[in-house]
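Below are the chains, spelled out letter by letter.
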Amino acid sequence: MPYIIGRMLSADRILERCESLAQHSELPGGLTRVFLSPQARAASDKVLAWMREAGMQAKLDPIGNAVGRYEGERPGLPCLMLGSHLDTVRDAGKYDGMLGVIAAIECVSLLSSQSKRLPFAIEVIGFGDEEGVRFGTTLLGSRAVAGIFDQKTLAATDATGKTMSQALIEFGLEPQAIPKIARKKGDVLAYAELHIEQGPVLEAEGLAVGVVTAINGFSRLRVTLRGAAGHAGTVPMNLRHDALAGAAECALAVERVALGHPELVGTVGRFEAKPGAINVIPGEVMFSVDVRAPQDPLREEAVATIRSQIEKISRARKLRCEIEDLQHFGVTACAPRLIAQMERAVASQGFRVRRLPSGAGHDGMALGSITDICMLFVRCKGGISHNPLESITKEDARAGANVLFAFINSFSS
Ligand code: GLV
Ligand code: MN
Ligand code: MN
């Protein structure tokens, strides 16, 4: 049965709340909010208050996720899990992550205002870390919920040398309790996430929403090249071991490998040279490599080629090279039954159904290890994200929330 709705979900409130969360930033005049920061505390306090106002019981869990629960027809039923993340990249937009959390709260608020209980509970989670900016490891909040958080990660350090464990304790959390929040398979019926598309396909086709088929896999490496620092004026060019010149060649090799296949993307997003002075030959460079693809063998082969090219370039330039594997995540397929159900929800709201893959990573990648997942994309202007220019329209926020609400109502385990 189609669900005719729209009057009571407030797109104004969704957008106001995205604006409100964007005020919590360590970057004046922009938005940067990393895991376990004072700004993250302020944002999650707001989200917890909105969850309670929407009729949920809400609390921060031991990894710093904001978790709200709306009971079903009777307490303790397995849940449909909804959510996304509340952390951001540096100099971020206001919607990547936050929109999915706020739209889910808006849906629960409408159910609650109708005094409607479903044959399952709903949990909304604002994950504390998806982007991995602070500790270099992504999906920390959703991994913990999925039971795939490695306690060894607690020893990871941020740029100031503080361990994750220490940061959690200073935030008032209990790192040793993280394993306790792992959900069991039967506890979560499915995970559904609304997210901005972060690409240009929906806009190009004049569509407000799209149904995700799968999330591309990713591999992340940290490469350190060591040469010899020296005087920029005295050491002849043929006698140098310039780590930065070598790293630049490696960055171009990453680009070349990625250009070799239309479905492959490769990015060197961080590049840090030491000692970092105008008159000193760089002695050491650290750079990151991020490779993504819709098929795991394609990504794995590309990573192997990139590794061997970095080693070859280092040998030729007599640089010492260290390549660390930071993270690898395989392609996560959305469940066909949930794709079909989301498509029906899209059609019920009068939109053409469009399927598309996700090039970006999402919390669903972690949740996929305990439950079926699905995603709904909402059009964003110019396909721009990870950028302060990220923007969506009120009509599209409404369209996305209406589809999500229809999906929730039609959901059956
Ligand atoms: C998260 O936004 C990612 O795909 O890196
Ligand atoms: Mn992001
Ligand atoms: Mn995101």
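For the structure itself, consult the block above.
A. Highlighting the coordination of the manganese ion (ligand 3). At the metal site, the manganese ion (ligand 3) is ligated by His85 (NE2), Asp96 (OD) and His195 (NE2), and these contacts range over 2.0 to 2.3 Å. The motif formed by the donor residues of the manganese ion (ligand 3), counted along the single chain, is H-x10-D-x98-H. Separating the manganese ion (ligand 3) from the manganese ion (ligand 2) is a distance of 3.5 Å, and aspartate 96 supplies a donor atom to each of them. Separated by 110 residues along the polypeptide, histidine 85 in strand β3 (residues 79-85) and histidine 195 in strand β5 (residues 188-196) bring together distant segments of the chain.

B. The arrangement of the pairing of strand β2 (residues 66-70) in detail. Of all five residues in β2, five are buried; the element is thus mostly enclosed. Covered by surrounding structure in β2 are Ala66, Gly68 and Tyr70 together with Val67 and Arg69, the residues of both alternating faces. As paired elements, strand β1 (residues 57-60) and β2 share four bridges and run antiparallel to each other. When the bridges of β2 are listed, alanine 58 appears paired with glycine 68. Between β1 and β2, which pair antiparallel and follow one another directly, the connecting turn spans five residues, one of which, glycine 64, has a positive phi of 95°. As paired elements, β2 and strand β4 (residues 121-127) share five bridges and run antiparallel to each other. Paired with alanine 66 across the strands is glycine 126, a residue of β4.

C. How the structure looks around the coordination of the manganese ion (ligand 2). At 2.0 to 2.1 Å from the manganese ion (ligand 2) lie its protein donor atoms, namely Asp96 (OD), Glu131 (OE) and His386 (NE2). As a motif over one chain, the donors of the manganese ion (ligand 2) read D-x34-E-x254-H.

D. Molecular detail of helix α1 (residues 11-22). When the terminal C-alpha atoms of α1 are compared, their 17 Å separation across 12 residues agrees well with the 16 Å that a helix rising 1.5 Å per residue should span. Along α1, the residues classified as buried are Ala11, Ile14, Leu15, Arg17, Cys18, Ser20, Leu21 and Ala22. For α1, the elements touching its buried residues are α2 (38-53), α3 (98-113) and α11 (394-410).

E. Inspection of the site of ligand 1 at higher detail. Taken together, the neighbourhood of ligand 1 is formed by Glu130, Glu131, Arg220, Arg292, Ala360, Gly361 and His386. The separation between an oxygen atom of ligand 1 and a polar side-chain atom of glutamate 131 is 3.0 Å. Contact distances for ligand 1 include 2.6 Å between an oxygen atom and a side-chain N or O atom of arginine 292. Protein chains shield 92% of the accessible area of ligand 1, which is 190 Å² for the free molecule. Residues of the shell around ligand 1, tallied by class, amount to one nonpolar, two polar and four charged.

F. Examining the pattern of salt bridges more closely. A full pass over the atoms with the stated rule returns 26 salt bridges. Note that arginine 222 and glutamate 324 form a salt bridge whose closest N and O atoms lie 3.3 Å from each other. Of the two residues, arginine 222 sits in strand β7 (residues 217-226) while glutamate 324 sits in strand β13 (residues 320-329), which places them 102 residues apart along the sequence. Owing to a relative accessible area of 29%, arginine 222 belongs among the partly exposed residues under this scheme. Among the charged side chains, a network of salt bridges with common partners joins Arg69, Glu71, Glu123 and Arg183.

G. Spotlight on the nonpolar core. Among the nonpolar cores identified, the biggest contains 108 residues, and Ile122 and Val124 are the most heavily contacted of them. Element by element, the count of residues in this core is highest for α3, at 11 residues. Setting aside chain neighbours within four positions, we find valine 124 in contact with Met51, Met56, Ala66, Val67, Gly68, Leu82, Val101, Ala104, Ile105 and Val108. Cys250, Phe287, Ala293 and Leu298 belong to the second-largest nonpolar core, a separate cluster that totals 23 residues.

H. Structural view of unusual backbone geometry. A cis amide bond links lysine 274 to the next residue, proline 275, at an omega of 5°. Tracing the chain through its elements places proline 275 in the loop between β10 (271-274) and β11 (280-281). For serine 115, which is not glycine, the phi dihedral falls at a positive 50°.

I. Main features of the packing of α1 against α11. Relative to each other, α1 and α11 sit at 110°, their axes nearing to 8 Å. Comparing the axis directions of α1 and α11 gives the class roughly perpendicular. On α11, the residues that touch Ala11, Asp12, Ile14 and Leu15 of α1 are Lys394, Ala397, Arg398 and Ala401. Residues of the contact of α1 with α11, tallied by class, amount to five nonpolar, no polar and three charged.

J. Up close: the state of the cysteines. Under the defined criterion, the tally for this structure stands at zero disulfides. Cysteine 18 forms no disulfide, and the closest cysteine sulfur to it belongs to cysteine 380, at a distance of 13 Å. Sulfur of cysteine 374: no disulfide; nearest cysteine sulfur belongs to cysteine 334 and is 6.5 Å away. When its relative accessible area of 2% is taken as the criterion, cysteine 374 is described as buried.

How each quantity is defined
Residues numbered from 1 in each chain as written. Chains lettered and ligands numbered in written order. Predicted model: local features only at pLDDT ≥ 70, side-chain atom pairs only at ≥ 80, totals over all residues. Heavy atoms only, no water. Donors = N, O, S within 2.8 Å, 3.2 Å for Na, K, Ca; no water. Helix = DSSP H or I, 4+ residues; strand = E, 2+ residues; numbered from the N terminus. Buried < 20%, exposed > 50% of the residue type's maximum accessible area, 1.4 Å probe, protein only. Pairing = 2+ DSSP bridges. Expected span 1.5 Å × (residues − 1). Contact = heavy atoms within 4.5 Å. Near = heavy atom within 4 Å. Polar contact = N/O pair within 3.5 Å; in protein donor to acceptor, adjacent residues only side chain to side chain. Areas by Shrake-Rupley, 256 points an atom, 1.4 Å probe, with all protein chains shown as cover. Nonpolar A, V, L, I, M, F, W, Y, C, P; charged D, E, K, R; others polar. Salt bridge = Lys/Arg side-chain N within 4 Å of Asp/Glu carboxyl O. Core = buried A, V, L, I, M, F, W, Y, C linked by side-chain atoms within 4.5 Å. Axes fitted to C-alpha atoms, helices over the stretch in contact; angles between N-to-C directions. Parallel < 35°, antiparallel > 145°, perpendicular 65-115°, else oblique. Disulfide = S-S within 2.5 Å.

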